[in-house]
Amino acid sequence: MSQDKFETLISSAVPLPNENVDTDQIIPGRFLKAIERKGFGENLFRDWRYSSVNEKISSFILNNPAFTGRILVAGANFGSGSSREHAAWAIYDYGFRAVVSSFFADIFKNNALNNGLLPVQVSAGFLNKIFKLIDSNPKSEFRIDLVNQKITILQTGEFENFEINTYKKECLLNGYDDIDYLLSLKDKIESFEN
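A few points on the structure. (Residues numbered from 1 in each chain as written. Predicted model: local features only at pLDDT ≥ 70, side-chain atom pairs only at ≥ 80, totals over all residues. Heavy atoms only, no water.)

1. What to know about the overall build of the chain
Helices and strands together make up the secondary structure of the chain, namely eight helices and eight strands. Taken over C-alpha atoms, the radius of gyration comes to 17 Å for the chain, in line with the 16 Å a tight globule of 194 residues would show. Seen through its C-alpha atoms, the chain measures out along the principal axes to roughly 65 × 45 × 25 Å. When each of the 194 residues of the chain is scored for burial, the buried share is 46%. Put simply, 65% of the contacts in the chain that link residues at least 6 apart link residues at least 24 apart. Here the chain has roughly 10100 Å² of accessible surface; of this, 49% comes from carbon and sulfur atoms. Computed over 21 positive and 25 negative side-chain charges, the inter-centroid distance for the chain is 4 Å. (Helix = DSSP H or I, 4+ residues; strand = E, 2+ residues; numbered from the N terminus. Rg over C-alpha atoms; globule rule 2.2 N^0.38 Å. Buried < 20%, exposed > 50% of the residue type's maximum accessible area, 1.4 Å probe, protein only. Contact = heavy atoms within 4.5 Å. Areas by Shrake-Rupley, 256 points an atom, 1.4 Å probe, with all protein chains shown as cover. Lys, Arg positive; Asp, Glu negative; His and termini not counted. Charge placed at Lys NZ, Arg CZ, Asp CG, Glu CD.)

Structure follows, in structure tokens:
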């Protein structure tokens with residue numbers, strides 16, 4: 001399934017400083033019945049966003065209208081736990097296009113990349129700067145430049161480079177999933193076969 005192309009994203013960010021956020025907290029297991037990638041966003045962090053009687057919990061960051069944007073900034077070890085791809089689906093379906101953290105669980109990181117969601121791993125110090133800036137000004141904006149693999153704090157100009165697998169970078173830049181990538185090589189494959 002093709003995704004949106006990702007080149008440069010300029011956006012404010014939503015801070016979630018919790019560490020060791022696992023995939024069951026991102027999207028609880030009871031919501032994994034659907035097989036399409038749609039509709040998971042409404043249940044993103046469901047048990048943190050809503051009470052047992054389905055009322056919004058005002059203290060949870062996603063329920064605070066002061067914090068908006070297409071970037072989720074998370075504490076260390078984000079996406080640990082089970083390998084459910086639905087966690088990346090839920091974050092993407094909610095409207096986030098990138099997650100910034102100082103460490104990602106490997107399976108979550110791969111699932112994110114496979115589903116058009118860019119995991120940006122930065123140093124703990126740079127992550128702390130981002131959290132402090134958002135805390136002082138929720139409208140602060142950041143630029144994530146995938147081509148140059150750089151995240152910039154627009155207010156100060158401070159930046160940090162991040163790593164990404166070359167193949168996954170090409171897929172994100174072109175909006176490809178694995179099948180789209182193979183189809184993009186169709187002429188070369190046919191030429192090789194001949």
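2. Some thoughts on the pattern of salt bridges
This model, assessed by the stated rule, comprises three salt bridges. Across the pair Asp4 and Arg97 runs a salt bridge whose closest N-O atoms are separated by 4.0 Å. Highlighted residues: Asp4 in the segment before β1 (8–11) and Arg97 in the loop between α3 (86–94) and β4 (98–101), separated in sequence by 93 residues. Judged by its relative accessible area of 14%, Arg97 is buried. (Salt bridge = Lys/Arg side-chain N within 4 Å of Asp/Glu carboxyl O.)

3. A word on unusual backbone geometry
Positive phi, normally seen in glycine, also occurs at Asn20, with a value near 60 degrees. Note that Asn20 resides in the loop between β2 (13–16) and α1 (23–26). Of the residues examined, Asn20 reaches a relative accessible area of 46% and is grouped as partly exposed. Backbone geometry at Phe45 places phi at a positive 50 degrees, although glycine is not the residue there. Owing to a relative accessible area of 1%, Phe45 belongs among the buried residues under this scheme.

4. Concerning the sheet that holds β1
Here four strands make up an open sheet; going across it, the order is β1-β6-β7-β8 and the pairing antiparallel. Every other strand in the sheet has two partners, leaving β1 and β8 (159–161) as the edge strands with one partner each. Within the sheet, the average angular offset between the axes of one strand and its neighbour, ignoring direction, is 10 degrees. In terms of strand pairing, strand β6 (residues 142–145) meets strand β7 (residues 150–153) through four bridges, oriented antiparallel. Bridge pairing links Arg143 to Thr152 in β7. Here helix α5 (residues 124–136) sits on the sheet and contacts β6, β7 and β8; the angle it forms with β7, its principal contact strand, is near 35 degrees. (Pairing = 2+ DSSP bridges. Axes fitted to C-alpha atoms, helices over the stretch in contact; angles between N-to-C directions.)

5. What about α3?
In terms of residue burial, α3 counts as a mostly covered element, since seven of its nine residues are buried. The complete set of buried residues in α3 reads His86, Ala87, Ala88, Trp89, Ala90, Ile91 and Tyr92. Each element contacted by the buried residues of α3 is listed here: α1, β4 and α4 (106–114). Phi for Gly95, located one or two positions after α3, is positive at around 125 degrees.

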